[in-house]
Amino acid sequence: MQLVPWIFLGTVAGLLLAPFSSFPQTAGWILTATGIAGAAMFRNRRRAFCFCLMAAAFCSANLRYSLALVPNETVQSLDRLSGKVKIVGTVFDVRQLTAGRTYLELNAQRLFFQDRSLSGERELPLRIYVESGGAVFLPGDVVEFYSRLRPPRLFGTPGEFHWPRYLSSRSIAMTGWVKNGDQIRLLAATRAYPRRALVGRQRAVAAVIDSTQPAVRAQLTRALVLGEGRVIEPEVRNLLARSGISHLFAISGLHLGLIALFGYRLLSYLYCRSSRLLTWQPPQRLVPLLLLPGLFVYLLLTGDAVATRRAFALFALGAVFLFWRYYVNPLRLLLSLALLSLLVNPLLLWQAGWQLSFAGAAGILLWQPWWGHERLRMLPVRRRYPAQLMLATMAATLATTPLVLLNFHLLVPLGWLANFICVPLVSFVALPVGLAGLILFPCSSLVAAKLFTLTGSVLGFLVALVSRLNEIPLWGGEPLFLSRWQYLAVACLIVPMVCLPRLASAWTGGRLVLIGVVTGCCLWWLPALDESPLALTMFSVGQGESMLLQNRAGQAVLIDGGGLYSDRFDVGERLLAPALGEMNVRELEAVVLTHDHPDHRKGLIYILDHFPVKRFLTGHRLEELDKSLQQALLRNHIPCHRVMESGWRRLGFWHSGELLIYNGDKPGYSENNASLVMYLAAGVDQGLLLTGDIEREAVRALLDAGLPGPVSLLKLPHHGSRYSLTDSLTAVLAPRHCLVSVGYRNRYQLPSRQVVEDLEGRRIPLYRTDLMGTLRAELKDNDWNIRHWKRGFFVDIRR
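Definitions and limits used
- Residues numbered from 1 in each chain as written.
- Predicted model: local features only at pLDDT ≥ 70, side-chain atom pairs only at ≥ 80, totals over all residues.
- Heavy atoms only, no water.
- Core = buried A, V, L, I, M, F, W, Y, C linked by side-chain atoms within 4.5 Å.
- Buried < 20%, exposed > 50% of the residue type's maximum accessible area, 1.4 Å probe, protein only.
- Helix = DSSP H or I, 4+ residues; strand = E, 2+ residues; numbered from the N terminus.
- Contact = heavy atoms within 4.5 Å.
- Patch = residues over 30% accessible without salt bridge, like charges linked within 9 Å, V, L, I, M, F, W, Y side chains within 5 Å.
- Areas by Shrake-Rupley, 256 points an atom, 1.4 Å probe, with all protein chains shown as cover.
- Salt bridge = Lys/Arg side-chain N within 4 Å of Asp/Glu carboxyl O.
- Pairing = 2+ DSSP bridges.
- Axes fitted to C-alpha atoms, helices over the stretch in contact; angles between N-to-C directions.

Novice: Help me get a handle on the nonpolar core, residues and values and all.
Specialist: Core analysis: the largest hydrophobic core is formed by 54 residues, its most contacted members being Leu220, Ile245 and Phe249. At the level of secondary structure, the elements contributing two or more residues to this core comprise helix H6 (196–212), helix H7 (215–226), helix H8 (234–243), helix H9 (253–271), helix H11 (283–301), helix H12 (306–324), helix H18 (415–440) and helix H19 (445–469). With nine residues, the single largest contributor to this core is H19. In this view, Ile245 contacts Leu240, Ala418, Asn419, Cys422, Leu462 and Val466; residues no more than four positions away in its chain are not counted. Counting residues in each nonpolar core, the second largest holds 31 residues, with Val541, Met583, Val591 and Tyr606 among its members.

Written out as C-alpha cells, the structure reads:
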C-alpha cells in the first residue's frame with residue numbers, strides 16, 4: 001500500500017488533464033508501457049521507481065478517459081436517423097422521478113428502423129424517460145416500444161454540466177423519450193433477475209408510505225428509507241440544499257454506518273451471551289463479518305448509490321482485516337478504495353456523489369486527532385458526544401465545501417451548524433424508526449405504516465425547522481458562480497485547514513495555511529488581470545438566443561436569455577449562470593430583452609434573481625411583460641426602461657465606443673417584428689449589428705431607416721429564417737462574418753438552406769452554435785476574430 005498514493009496522484013492528474021488534452025491511442029499505449037518498463041528498470045531506486053509508476057498511471061488514465069467517451073459505430077449510425085426506432089430490450093433498472101415521471105435503463109438487444117434491423121454485435125445500454133405510467137415495469141422485463149434515440153451531447157457552453165460524461169460513467173450510450181407507459185409493450189418477464197424482487201419490495205413499501213402521509217412527508221420518507229431522493233419536489237430539494245442538509249436525504253455512508261453501528265451493538269450483545277462463542281473467538285473478529293449480508297441487501301434495496309457502495313466496501317475490508325488481525329491505516333485504506341474505483345471506472349472522478357463521499361470521509365479521518373483527542377474522551381458522555389459530533393460535522397463540511405461549490409454552485413456558510421442540529425434528529429430518531437418499519441414490513445404492514453408515519457412527522461418537523469432557520473440572515477446558502485481559477489482558490493484556502501490536525505507541528509501548520517491563503521488570493525484575482533477585449537459572446541442555448549457584449553472598460557450587457565420549451569431545464573441556471581461565472585462576470589451593466597418570446601426570455605429569470613443588474617431594457621411597458629419576468633424585476637428592484645419608437649438611440653451607460661438601440665415597432669407588427677435591434681460602432685470600418693428576430697417587414701423598415709455605420713459582423717435575424725430577407729441585408733451591408741444561434745437538429749430546420757447557400761455564394765462565413773458551440777467574436781487588429789468553446793477554452797474554429 002506504500003505505492004498507492006503515487007499511483008493515485010498519477011491517475012487523478014491524468015484524468016483531470018484529459019478533458020483539455022488527451023494522448024492519441026497509440027501514443028498513450030506506448031507512453032504507458034514506457035512508464036511500466038521504466039518502473040521495472042528502476043525497481044531498486046525508490047524515487048525513480050515511484051516517478052515511473054506515477055507517469056504510467058498518468059498516461060493510462062489519460063488514455064482510458066478518451067476511450068470511455070468514444071461512441072461506437074451503432075451509436076453513430078442511430079444518431080444519423082431522422083425517425084423513431086423500434087427497440088426490444090431487457091430492463092435492468094427503474095427509477096421514479098417527480099410528477100409521476102420515470103426512467104428505465106435497459107439493454108437493447110434488437111433495433112429496427114423501417115423494418116430494417118440495426119442491431120450491432122453488442123447490447124446497447126439506453127436510458128428511456130417515460131412521462132407517465134413507467135413505474136409498472138421491473139428489472140428483468142423484456143419490453144418493446146418506439147422512440148427517437150439520441151446520444152447525449154453538450155451544448156458547448158462554458159461551465160456547463162458534462163451530461164455525456166455522467167451517462168458514460170453509468171455505461172449509458174443513448175437516451176430516448178416515451179410519452180406514456182402504455183406505449184411500451186411487455187413481452188416477457190425474467191423472474192430470476194437479481195434486483196427484481198428487491199425493486200418489487202421497494203415499490204410495495206413506497207405505496208404504503210404514499211397512502212398514509214401527505215405528499216411532502218411521503219417523499220422525504222421514501223428518500224430517507226428507500227433512497228428515492230429523486231421523488232422530492234424541486235422546491236423542497238432546493239430548501240434542503242440551501243440549508244446544507246440535502247445529503248441526509250440521499251442514502252450515503254452515514255446511513256450505512258449507523259446501521260452497522262446498531263447492528264454491531266445488537267449482535268455483540270447476543271454474541272456475548274454465549275460462553276462457547278466467546279471462548280472460540282472474540283466478537284470483534286466475527287460480528288463485523290456477520291453484518292455483511294444484511295448490509296449488502298440494504299445496499300441493493302436503496303439503489304446501490306456510490307456513497308453507500310464506498311461505505312460498504314470500506315466496512316467489508318475493515319471486517320476482513322479485523323478477522324485477520326491486520327492493522328491498516330484508515331486514510332490509506334480509503335485512498336486505496338478511491339484508486340480501485342477509478343481503475344474500474346475512471347469517469348467516476350467527475351461524479352459529485354463520488355467526490356463528496358470520499359472527501360467527507362477523508363475530512364473526518366483527517367480531523368480524527370481532534371475529535372478523538374484524549375481530553376474529549378475524558379469528558380462526560382452528554383458533553384463528549386456533542387463535541388465529537390460537532391468536530392466531525394465541521395470536518396466533513398469543510399472538506400466538501402470546494403466540491404459543493406464546484407458541482408452545485410452553492411455556498412452554505414453555516415451548513416456545519418445546520419448539520420449539527422439535524423444529523424442527530426435524522427440519525428438517531430427518523431432513520432432508526434424508518435428502518436424498523438422497513439424490517440417489520442414483511443410481518444405487519446400496519447405496524448410498518450405507523451413507523452413510517454412517525455418518520456414522516458419527524459422529517460416534516462425538520463423541514464419546517466430549516467425553513468425557519470433560512471429566514472435568518474446569512475444562514476441559508478446562496479448560489480455562487482465562479483471561474484475555474486476561483487474554485488481552485490477556494491480549494492487552496494480550505495485544504496490546509498482540513499489537513500491541519502495531521503501536521504507535525506503548529507509552526508508547520510501555520511506556514512501551510514499562509515501558503516494556501518497567498519496562493520488562493522493570487523488565483524482568486526487571476527481572471528481580473530486579463531485585459532477585457534471588445535467582444536460578443538453568443539451562448540449555445542439550444543433553439544433560442546442569448547448574447548453577452550463586453551468592452552474594455554469591463555462592462556457587460558446580456559442580450560436575451562434563451563429558453564427551451566421544457567420547464568424542467570432552466571437555461572439560466574444550467575447554462576448562462578455557470579458561463580457568466582466561468583467568464584468572471586460578476587455584475588451586468590444592463591439586460592436587454594429584444595422581444596418577449598420564451599426562447600429569448602425564460603433564461604433571464606434566474607439571472608435577474610442571482611446577478612446584480614443595473615438596468616433592464618425592453619420595448620414593452622412593464623405590465624405588458626410576461627408575469628414571471630415582471631415578478632423577477634420587481635422582487636430584485638431592477639429599473640425597467642422602455643425603449644420607445646424613436647429610431648436609433650444612444651445608450652449613455654456604455655463607455656467604449658458607441659452602443660445604439662433601435663425600436664421599429666409599428667401597429668400591426670408581430671412580436672418578432674417588434675424586436676429591438678442593437679448596433680455597436682467598434683472602430684474604423686467595424687460595426688456589429690444584432691437584429692433580434694425581425695422578419696421581412698421590419699428588415700425593410702430597418703434598411704429604410706438607415707444604419708449608423710458599417711456592419712462587419714452580423715447576427716442573422718430570426719435564427720437564419722428565410723422569411724427575414726437575409727439576402728437583402730447581406731447584399732446591402734456586405735458583412736465579413738455572420739453569426740446565428742440555433743438548436744442542434746431543430747424541428748424548424750434553421751438556419752434555412754436558402755440562407756446558408758446565399759451566404760456561401762457571397763463567400764461570407766457563417767458561424768453556428770448548433771455545430772460549433774458557444775461563439776466568441778473579439779475585435780483584434782481591426783477585424784473580428786471568431787472562436788468557439790472547445791475542451792474548456794475558446795479556440796480558433798479551424799483548430
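There is more to say, and it comes next.
Novice: Which residues make up a nonpolar patch on the surface, and what are the values?
Specialist: Taken together, Leu261, Phe262, Phe428 and Val429 make up a surface patch of nonpolar side chains, about 330 Å² in accessible area. Those elements that place two or more of their residues in the nonpolar patch are H9 and H18. Mapped onto the fold, Val429 is located in helix H18.

Novice: Can you lay out the sheet that holds strand E24 (residues 783–790) for me, pointing to particular residues and giving the numbers?
Specialist: Taken together, nine strands build an open sheet; the order of strands is E15-E14-E13-E12-E11-E10-E23-E24-E25 and the sheet is mixed. Each edge of the sheet is formed by a strand with only one pairing partner; in this case those strands are strand E15 (640–642) and strand E25 (793–796). Neighbour to neighbour, the strand axes of the sheet diverge by 25° on average, direction disregarded.

Novice: Would you mind going over the pattern of salt bridges in detail, with residue names and values included?
Specialist: Side chains that differ in sign of charge can pair as their charged atoms come close. Taken as a whole and assessed by the stated rule, the structure comprises 30 salt bridges. Two residues, Arg601 and Asp596, come together in a salt bridge whose shortest N-O distance is 2.7 Å. In terms of burial, Arg601 and Asp596 fall into one category: buried. For the salt bridge of Arg736 with Asp783, the shortest nitrogen-to-oxygen distance reads 3.6 Å. Linking Arg736 in the loop between helix H27 (726–733) and strand E21 (737–740) with Asp783 in strand E24, this pair joins segments that are 47 residues apart in sequence. Accessibility expressed as a relative area gives 39% for Arg736, which makes it partly exposed.

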